[in-house]
Structure formats: C-alpha cells, structure tokens
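# Architecture and fold: a report
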Amino acid sequence: MGVDYGTRRIGLALSDPTGTLATPLTTLVRRAGKRAPIARILELAREHEVGRFVVGLPLHPQEGENTWTAETRGFGRRLRNRSGLPVHFIDESYSSAEAEARTRFIGLKRAQREERARIDAGAAAIILQDWLDARALDAPEDLGGGPAW
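All of the points below concern the structure found in this document.

Calculation rules
Residues numbered from 1 in each chain as written. Predicted model: local features only at pLDDT ≥ 70, side-chain atom pairs only at ≥ 80, totals over all residues. Heavy atoms only, no water. Helix = DSSP H or I, 4+ residues; strand = E, 2+ residues; numbered from the N terminus. Buried < 20%, exposed > 50% of the residue type's maximum accessible area, 1.4 Å probe, protein only. Contact = heavy atoms within 4.5 Å. Areas by Shrake-Rupley, 256 points an atom, 1.4 Å probe, with all protein chains shown as cover. Expected span 1.5 Å × (residues − 1). Salt bridge = Lys/Arg side-chain N within 4 Å of Asp/Glu carboxyl O. Pairing = 2+ DSSP bridges.

With that settled, the discussion passes to the overall build of the chain. Per the secondary structure count, the chain includes five helices and five strands. Scored against the burial criterion, the 149 residues of the chain give a buried share of 37%. By sequence separation, contacts in the chain at least 24 residues apart represent 62% of the contacts at least 6 residues apart. As displayed, the chain has an accessible area near 9200 Å², and 51% of this comes from carbon and sulfur atoms.

Now the structure itself:
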C-alpha cells in the first residue's frame, strides 16, 4: 500500500497482485489537531491483504530532511508497530505535482482536476509505482537457471 502522508489528507494506493502496477485507492481526511487515522489505514490494509507499506518521504531538494520528514518517519514507525508489516520510505519529491499534471493530461473537467483528494490518492500511486519500479530494477530476472544479470 502506497501512502502520501499529509497534514490534511492521506492518499492511499494499492498495487496489483504481481507488484507491477500501482493504482489510487482513496484519500482519508485528517481532522485538525488529531492523530493520523491509522486504525482506518490498517482496516483497509487488512481488507486488501496488504503485505507492506510504502510511505512517501518529503525531502527538500537542497536541505534534505526537515521537521515534516521527521513527522512522516514517526508516522511510519507507528504504522509498522501497529500493523507488524514492513514500512519502506521513498522520496516523494514532486509526486503531488506529477499527479496534478496527470489529471490535466487525462482530460478531466477543471473541478475534477482540482479535487485535492483525487490528487493525493494519485500521488500515493506515484509513490508506490516509483518504489515498485526501483525494486524491479534491483531484482535480477530469473533467466531459467543461468546467471543473474
């Protein structure tokens, strides 16, 4: 499950069973001053038989990690502790901007393009897809018993 962790909303995405393609799932709204809805995320994870979480890590291009990065890492730790599932972090730089650009590209009406929930779930799918693609590049293919490339 891909997670775009934000102050107002948390976008969620899932991969297909083969771990090849990520798609947006939903966006959860965070209530002001309240903790992230981890119980609801875990409920969705169980419902969709999730085996791991991939959380977008907000890294500043020039400065690297900041207070929001630390908050996101804390969220990931809480998610791991409560679920017992692995949590992976991946740089989420520009995922929301890319999700916004994609909604324009597919020809949605302006009101639909500007729905932040749609963009946050799309950003979660981009985060998850980036992780899936990186993992696929790192894993050599099984070439029928021959050497791994």
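Quick look at the environment of Asp133 now. As for its placement among the helices and strands, Asp133 is situated in helix H5 (residues 116-138). Residue Asp133 is classed as partly exposed on the basis of its relative accessible area, which comes to 39%. Placed 114 residues apart in sequence, Asp133 and Gly19 show a C-alpha to C-alpha distance of 9.1 Å.

Quick look at helix H2 (residues 67-83) now. End to end, H2 covers 24 Å across 17 residues, agreeing with the expected 24 Å (1.5 Å per residue, within 8%). Within the span of H2, buried status applies to Thr69, Thr72, Gly74, Phe75, Gly76 and Leu79. For H2, the elements touching its buried residues are strand E1 (2-5), helix H1 (38-47), strand E4 (53-57) and strand E5 (87-91). Count one or two residues on from H2 and you reach Gly84, which has phi positive near 75 degrees.

The next subject is unusual backbone geometry. At Glu49, a position not held by glycine, the phi torsion is positive, near 55 degrees. Judged by relative accessible area, which is 73%, Glu49 ranks as exposed.

Our focus in this paragraph is the pattern of salt bridges. As enumerated under the stated definition, the model contains three salt bridges in all. Across the pair Glu43 and Arg40 runs a salt bridge whose closest N-O atoms are separated by 2.5 Å. Here Arg40 and Glu43 lie together in helix H1, a separation of three residues that amounts to about one turn. In this structure Arg40 comes out as partly exposed when scored by relative accessible area, which is 34%. The residue Arg78 makes a salt bridge to Glu71 at a minimum N-O spacing of 3.9 Å.

We now examine the pairing of E1. Burial along E1 is two-sided: Gly2 and Asp4 facing one way and Val3 and Tyr5 facing the other are all buried. The pairing of E1 with strand E2 (residues 9-15) spans four bridges and is classified as antiparallel. Within E2, the position partnered with Gly2 by the bridge is Ala13. The pairing of E1 with E4 spans two bridges and is classified as parallel. Looking at E4, one finds that Gly2 is bridged to Val54.

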